[in-house]
Amino acid sequence: MSNADGTPVWFELTTPDQDGSQEFYAAVAGWTIAASPLAEHGGYRLATAPDGEQVAGMMTPPPGTEGMPGWALYLGTGDVDAAAARVKELGGAVHFGPMDIPHVGRFAVVADPQGVAFSLMTGSSPEESRAFARAPGGIGHGVWIELATPDPDGAFAFYGKLFGWEKAGAMPMGDMGDYAFIGKGDDFRPGAVMSSSGSGAPARWTWYVHVPAIDAAIAAATARGGALLQGPDPIPGGDFSAKITDSHGFEIGLVGPRTPRSQS
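Reading the values: the criteria
- Residues numbered from 1 in each chain as written.
- Predicted model: local features only at pLDDT ≥ 70, side-chain atom pairs only at ≥ 80, totals over all residues.
- Heavy atoms only, no water.
- Helix = DSSP H or I, 4+ residues; strand = E, 2+ residues; numbered from the N terminus.
- Rg over C-alpha atoms; globule rule 2.2 N^0.38 Å.
- Buried < 20%, exposed > 50% of the residue type's maximum accessible area, 1.4 Å probe, protein only.
- Contact = heavy atoms within 4.5 Å.
- Areas by Shrake-Rupley, 256 points an atom, 1.4 Å probe, with all protein chains shown as cover.
- Lys, Arg positive; Asp, Glu negative; His and termini not counted.
- Charge placed at Lys NZ, Arg CZ, Asp CG, Glu CD.
- Pairing = 2+ DSSP bridges.
- Axes fitted to C-alpha atoms, helices over the stretch in contact; angles between N-to-C directions.
- Core = buried A, V, L, I, M, F, W, Y, C linked by side-chain atoms within 4.5 Å.
- Parallel < 35°, antiparallel > 145°, perpendicular 65-115°, else oblique.
- Left-handed = near helix turned anticlockwise from the far one by under 90°.
- Nonpolar A, V, L, I, M, F, W, Y, C, P; charged D, E, K, R; others polar.
- Expected span 1.5 Å × (residues − 1).
- pLDDT = per-residue confidence, 0-100.

**Examining the overall build of the chain**
Piece 1. When its secondary structure is counted, the chain shows five helices and 16 strands.
Piece 2. In terms of overall dimensions, the chain is globule-like: its C-alpha atoms have a radius of gyration of 17 Å, near the 18 Å expected for 264 residues.
Piece 3. In the chain, which comprises 264 residues, the proportion classed as buried is 48%.
Piece 4. Sequence separation of at least 24 residues holds for 59% of the intrachain contacts in the chain that already meet a minimum separation of 6.
Piece 5. Summing over all exposed atoms, the chain offers an accessible surface of approximately 11,700 Å²; the carbon and sulfur share of this is 54%.
Piece 6. Between the averaged position of the 15 positive side-chain charges in the chain and that of its 29 negative side-chain charges there is a distance of 3 Å.

Take a look at the structure:
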């Protein structure tokens, strides 16, 4: 995997009901979801975007992890073992691994010093992951990541030392504090950091999936037991964003236009 360190490379849902979650996200995100063809993956399901790229995975809780459901964010690194060791040096924790996934790569589940969990991944393929695609036309792909944390300055210090991230401007949100943009070089703007204390949001990473029409996606979600938490709100570039919960209460973000964008 040749993605730059800190690039979102995979999104993974741990759910008690794979069938129900599959039906929900097929309708909301437009994914085609099927079990991995490899027996050693133990029924792990793969979500494929309309352009044929695999973007996310879906599994039931492994033994001993029943308390860790919901969406997980994987950030790429060239050396999982070195990155996991660096996490601990910087005041974070390693919860699981590093370990190998057959035919996929090596990963570890870690947490930053504020206790927010994420995963590190080095893929076994030399090709880049395309699960995250900010360019137009990335329907079904991740297009934004968002960290809610009790200590935004501490988070920027940690991720800056781990991945080279910088604070690249901010949008004031009054009493909720700043919505501070993540930057690294001229072309890497994957998301933002905000205060969980000021906003009241749970401390976590949230990712946003690109949908062809945000109102239709919200309607599909609520018709299947999900709920609208926020939005749709206008964002730069003409799209809108929203946060929803799925039919099991797991949070995810949506980004898309109010009317379907033609696909060529």
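**Quick word on the sheet that holds strand β15 (residues 240–245)**
Piece 1. Taken in spatial order, the eight strands make up an open sheet running β10-β11-β12-β9-β13-β16-β15-β14, and their pairing is mixed. Every other strand in the sheet has two partners, leaving β10 (166–172) and β14 (227–234) as the edge strands with one partner each. Ignoring which end each strand starts from, the neighbouring axes of this sheet average 25° apart.
Piece 2. The pairing of β14 with β15 spans five bridges and is classified as antiparallel. Across the sheet, the residue bridging to Gln 230 is Lys 243, located in β15.
Piece 3. Running at roughly 170° to β15, helix α1 (residues 18–29) makes contact with β13 (204–210), β15 and β16 (251–256) of the sheet.
Piece 4. Along the sheet, helix α5 (residues 214–223) makes contact with β14, β15 and β16, crossing β14 at roughly 175°.

**Things to note about the environment of Ala 170**
Piece 1. Counting through the fold element by element, Ala 170 comes out in strand β10.
Piece 2. Residues Ala 170 and Gly 249, spaced 79 residues apart in sequence, show a C-alpha to C-alpha distance of 30 Å.
Piece 3. Among all residues touching Ala 170, those that are not within four sequence positions of it are Asp 178, Tyr 179, Ala 180 and Phe 181.

**Overview of the nonpolar core**
Piece 1. Core analysis: the largest hydrophobic core is formed by 65 residues, its most contacted members being Trp 31, Trp 71, Phe 118 and Trp 205.
Piece 2. Ranked by residue count, the leading element in this core is helix α3 (residues 152–163), at six residues.
Piece 3. Apart from the residues lying within four places of it in its own chain, the contact partners of Trp 31 are Tyr 25, Ala 26, Ala 47, Thr 48, Ala 49, Val 55, Ala 56, Trp 71, Gly 140, Trp 207 and Val 209.
Piece 4. The next biggest cluster of nonpolar side chains, apart from the first, holds nine residues, and it includes Tyr 179, Ala 192, Met 194 and Tyr 208.

**So, unusual backbone geometry**
Piece 1. Residue Pro 98 is reached from Gly 97 by a cis peptide bond, and omega for that bond is 5°.
Piece 2. Along the chain, Pro 98 turns up in strand β6 (residues 93–101).
Piece 3. For the bond running from Gly 231 to Pro 232, omega is 0°, close enough to zero to count as cis.
Piece 4. In this fold, Pro 232 is placed in strand β14.

**Some words on the packing of helix α2 (residues 80–89) against α3**
Piece 1. Interhelical geometry of α2 versus α3 gives an angle of 150° and a closest axis separation of 10 Å. Judged by the inter-axis angle, α2 sits roughly antiparallel to α3. Crossing handedness for the pair α2 and α3: right-handed. In contact with Ala 83, Arg 86 and Val 87 of α2, α3 contributes Phe 158, Lys 161 and Leu 162.
Piece 2. Across the contact of α2 with α3, the residue classes tally to four nonpolar, no polar and two charged.

**So, the packing of α1 against α5**
Piece 1. At a minimum axis separation of 8 Å, α1 and α5 run at an interaxial angle of 160°. The pairing of α1 with α5 is recorded here as roughly antiparallel in orientation. The interaxial crossing formed by α1 with α5 has right-handed handedness. Where α1 abuts α5, its residues Phe 24, Ala 27 and Val 28 lie against Ala 217, Ala 220 and Ala 221.
Piece 2. For the contact of α1 with α5, a count of residues per class yields six nonpolar, no polar and no charged.

**A closer look at α3**
Piece 1. With 12 residues, α3 should reach 16 Å at 1.5 Å per residue; the first-to-last C-alpha distance of 16 Å fits that figure.
Piece 2. Of the residues making up α3, those classed as buried are Gly 154, Ala 155, Phe 156, Phe 158, Tyr 159, Leu 162 and Phe 163.
Piece 3. Phi turns positive one or two residues past the end of α3, at Gly 164, with a value near 85°.

**Considering the confidence of the model for the chain**
Piece 1. For the chain, mean pLDDT is 90; residues scoring 70 or higher make up 92% of the total.
Piece 2. Looking over the chain, one finds the lowest element-wise mean pLDDT in helix α4 (residues 196–199), namely 81, and the highest in α5, namely 98.

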